[in-house]
Every structure is written in structure tokens, then in C-alpha cells.
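Next come the chains, spelled out residue by residue.
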Amino acid sequence: MSELRHDPITRMWVIIAGDRDLRPQDFELTVTPHPEQADCPFCEGHEEQTPPEIQAIRVGSASNGPGWKARVVPNRYPALAIEGLPGRKGVGIYDRMRGIGAHEVIVESPQHDVDFADQPLEQQVRIVSLWRDRVVDLMRDPRFKYVLLFKNHGAAAGASLSHPHAQVIATPVTPRAVAVELESSRSHHELKERCLYCDVIAQEMDDGSRVITLNEDFVAFAPYASRFPFEIFLAPRHHAHEFGLTPDAQLLNLARAIADVLKRLKLLLRDAPYNLVLHTAPNTNVTPRRAFYFTTLEYDWHWHIEILPRLTRVAGFEWGSGFHINPTAPEEAARLLREIEV
């Protein structure tokens, strides 16, 4: 029988359609293989096809040329423009502002067809360190209220180029999805004087049925009210509110944890498309700033990563109701992922 589950973080109800109980082989997957792209702008030797790099990890080579391990460039077709001020104003009952922000691409490797999960550990650590550097750097701009890092894998997940890469977009407003999580966290802390995420993580680790993998610093599990089949929630085991403050000593275990779950997904779901999204703390140095806003952020917020495989379609019921229908119970998804030999 189906059941409804409520997520205290997102405040969403999810229908777990237990009578369907779809397994990996039951999904119709459209997997786009990595094509040979002689003209791929992200491949080594094609640096002139991208805007000048913002940052790069290099070994004895000059900027904007070959010899890099990972590099960051402005998006050639940015969603938001870097120059100017938001210019907030009211338009009757509505509000508007200029499309001010930043939009960057993190090219994860010179290799065109090697995904994050298949990179050597040393390269995985370089990638997550570059993620951290870009979030920290963009947070220094007081115009930006939020910095969102995300990774689209596969055409069905929105990737226009198959070369492994992530993107970072800084916005002058806090995204609604994050705002809801912030409010849930703050309300929980006001009532119980505890971090909501820490409580969820502790309960999941005690229960164990939805835990997929863990190491000394990080844990990954299938959320109790998973919106999508094989959805994964990955977070620090110990309280940490801002991704940019992750110490170097933990980047190794972060890279291991991300690679572990991505490898399990790849093997189990035949390289299905997915979205990876980082939810870190909003920018507390933004100006102007609301009085007493985010004063408890250090105590009630907990940064995390959401990994969302694209195995089902969002249709009319989901859009109209705000509910998601998940045909695979998270307990079953976690069990199948745990059983994968990595």
C-alpha cells in the first residue's frame, strides 16, 4: 500500500507508491554516451574556445593554455550578469530587480569522458577544493545573497555538454527551496535548541535502514521522504553550517563520499542522468541586510548535498499539488545501493 511521508526539512509531502516498488531494471533509461567531441570547448588544447579562466589548478603551465588539472571559466551564456547593482524596486504589487549575479563553469578534468566517480582520488580532491574556493570567493561579493553550486550529469538532467563539469551561480536573492529549509531549521532550533539536520542524521544513523555509506566525516543516506527514486542526501556527520569553512583535512573524505555514492549510482542505474546540488549557508555579509537576520545561522543550519537521479518525470499531479510520487521506497533504494561493490 502507498503511504504519505513528510520531510521536516523541505516541508513537503511525498507519496511512496509501495505497490509499484520499481527496481533499477524497471525504469526506462535514456543514457547518452560520451561522444567524441573534437570541438569540445572544455577539452585540453581548446582553451581559446572559452572565456579567460577565473581560476585553475595547474602544474607548471601558463594561464589560459594547456597543462591544467581543473579550471574555472565564466559561462559563455550566463543566466545573470556580473556588472551592476540589483536596483530593487516595486512595480505595483510586484517586485523586480536587475539580473545581477555570477555564472561560472568548473571544468573538472582535461579528460573528456572521465566522470567524477572514475577520477583518481587526488583529482577528486582537487575538484572539491575548487568547488570550495569558488563558493568562498563569490561569497565575498556583498551583492550576492546566495551561491548555488550544482552539477548536471546527462542530457536528461540538463547537461548541454558531456564533458564533466559543474556550475556555480550567485544570485541577489535566496532561492525559495533554500529559504524553506532555512526556516525549517530556524524553527526547529528555536523550539528544541538543536540543529534539525543533526537530529535527522543521528536518527538515520541509529536506524541504519536508509544509510548508504559513511566515513569518519560524512554520511550519505536515502531521505525518509525521498522525492525521487534513489535520491541521496550527503552531509557532514558533525555540525557544520558553511561549506566554505570545510577544512583541508576533510576534503579527502568528502571526495571519497561523493565518489562512493556516484559510483554506486552509476553501476546500479546504468549511468542514469542526475543532478547534484550543494546547499550551503547564505551570504551573511550581504548589503543591505535585514535586521537580526541569520543571527542563529551558525547553530541551526547544516550544509549538505542533494543528489537527484532523473528516472521519473514530473507531471501534472506533481506540478498541481506540490507532491512527488516516488515508486521506489528509500529503504529499498538504500539496500540496493549498499549492495553494490565499489
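Residues numbered from 1 in each chain as written. Predicted model: local features only at pLDDT ≥ 70, side-chain atom pairs only at ≥ 80, totals over all residues. Heavy atoms only, no water.

Asks: Which parts of the structure should I look at to understand the sheet that holds strand 13 (residues 274-279)?
Replies: Hydrogen bonds along the backbone pair up the strands of a sheet, which may run parallel or antiparallel. Read from one edge of the open sheet, 10 strands run 3-4-7-9-8-13-14-12-11-10, paired in antiparallel fashion. The two strands at the open ends of the sheet, each matched to only one other strand, are strand 3 (55-58) and strand 10 (211-214). Put simply, the sheet's adjacent strands are angled 15 degrees from each other on average, direction ignored. The pairing of strand 10 with strand 11 (residues 218-221) spans three bridges and is antiparallel. Directly across from Thr213, in strand 11, lies its bridge partner Ala220. The strands touched by helix 3 (residues 196-207) within the sheet are strand 10, strand 11, strand 12 (232-236) and strand 14 (304-309), with strand 11 carrying the most contacts at an inclination of about 70 degrees. (Pairing = 2+ DSSP bridges. Helix = DSSP H or I, 4+ residues; strand = E, 2+ residues; numbered from the N terminus. Axes fitted to C-alpha atoms, helices over the stretch in contact; angles between N-to-C directions. Contact = heavy atoms within 4.5 Å.)

Asks: Where do I start with the packing of aromatic side chains in this structure?
Replies: Working definition: an aromatic ring pair is given by the centre-to-centre distance plus the angle between the planes. Tallying each qualifying case throughout the model produces seven aromatic pairs. Ring geometry for Tyr197 versus Phe233: centroids 6.1 Å apart, planes at 15 degrees, classification stacked. Of this pair, Tyr197 sits in helix 3 while Phe233 sits in strand 12; the two residues are 36 residues apart in sequence, bridging distant segments of the chain. Each member of the pair, Tyr197 as well as Phe233, is classed as buried. When the ring centre of Tyr224 is taken as origin, the NZ or CZ atom of Arg5, which lies over that ring, is 4.5 Å away. Positioned above the aromatic ring of Phe228, the side-chain terminus of Arg310 is 4.8 Å from the ring centre. (Phe/Tyr/Trp six-rings, centres within 6.5 Å; stacked < 30°, edge-to-face > 60°. Buried < 20%, exposed > 50% of the residue type's maximum accessible area, 1.4 Å probe, protein only. Lys NZ or Arg CZ within 6 Å of the ring centre and 35° of its normal.)

Asks: I'm lost on the sheet that holds strand 15 (residues 324-326) in this one. Help?
Replies: Here three strands make up an open sheet; going across it, the order is 1-2-15 and the pairing mixed. Taken across any chain shown, the strands that pair with only one partner, and hence form the sheet edges, are strand 1 (3-6) and strand 15. Averaged over all neighbouring strand pairs, the angle between strand axes comes to 30 degrees, with direction disregarded. Bridge analysis of strand 1 against strand 2 (residues 13-16) gives four bridges, and the strand direction is antiparallel. Within strand 2, the residue paired with Leu4 across the bridge is Ile15.

Asks: What exactly am I supposed to notice about the pairing of strand 7 (residues 102-107) here?
Replies: For a regular strand, side chains alternate in direction, first toward one face of the sheet and then toward the other. Across the six residues that make up strand 7, a large majority, six, are buried. A two-sided burial pattern is seen for strand 7, the buried positions comprising Ala102, Glu104 and Ile106 on one face and His103, Val105 and Val107 on the other. In this sheet, strand 9 (residues 165-171) lies alongside strand 7 in antiparallel orientation, the contact comprising six bridges. Residue pairing for strand 9: Ile106 is matched across the bridge by Ala166.

Asks: Looking at this structure, I do not really get the environment of Val314. What am I missing?
Replies: Within the secondary structure layout, Val314 lies in the loop between strand 14 and helix 6 (316-321). Judged by its relative accessible area of 31%, Val314 falls in the partly exposed class. Sequence separation of Val314 and His165 is 149 residues, and the distance between their C-alpha atoms is 25 Å.

Asks: Help me understand the pattern of salt bridges, please; the structure alone is not making it clear to me.
Replies: For side chains bearing opposite charge, pairing can occur when the charged atoms are close. Tallying each qualifying case throughout the model produces 23 salt bridges. A salt bridge links Arg227 to Glu231, with the nearest nitrogen and oxygen atoms 2.9 Å apart. Residue class for Glu231 comes out buried when judged on its relative accessible area of 5%. In this structure, the salt-bridge partner of Arg335 is Glu339, at a minimum N-O distance of 2.6 Å. Residue Arg335 is classed as partly exposed on the basis of its relative accessible area of 28%. Residue classification places Glu339 among the partly exposed positions, given a relative accessible area of 48%. (Salt bridge = Lys/Arg side-chain N within 4 Å of Asp/Glu carboxyl O.)

Asks: How do you make sense of the nonpolar core when you look at a structure like this?
Replies: Burial of nonpolar side chains together is a common tendency in soluble globular proteins. The biggest cluster of nonpolar side chains holds 71 residues, and the ones touching the most others in it are Trp131, Phe230, Leu234, Leu254, Ile258, Ile305 and Ile307. At 10 residues, the largest contribution of residues to this core is made by helix 4 (residues 248-268). Not counting residues up to four positions away in its chain, the partners in contact with Ile258 are Phe116, Val128, Trp131, Leu234, Leu276 and Ile305. Grouped together as the second largest cluster of nonpolar side chains are seven residues, Cys40, Val73, Val105 and Val107 included. (Core = buried A, V, L, I, M, F, W, Y, C linked by side-chain atoms within 4.5 Å.)

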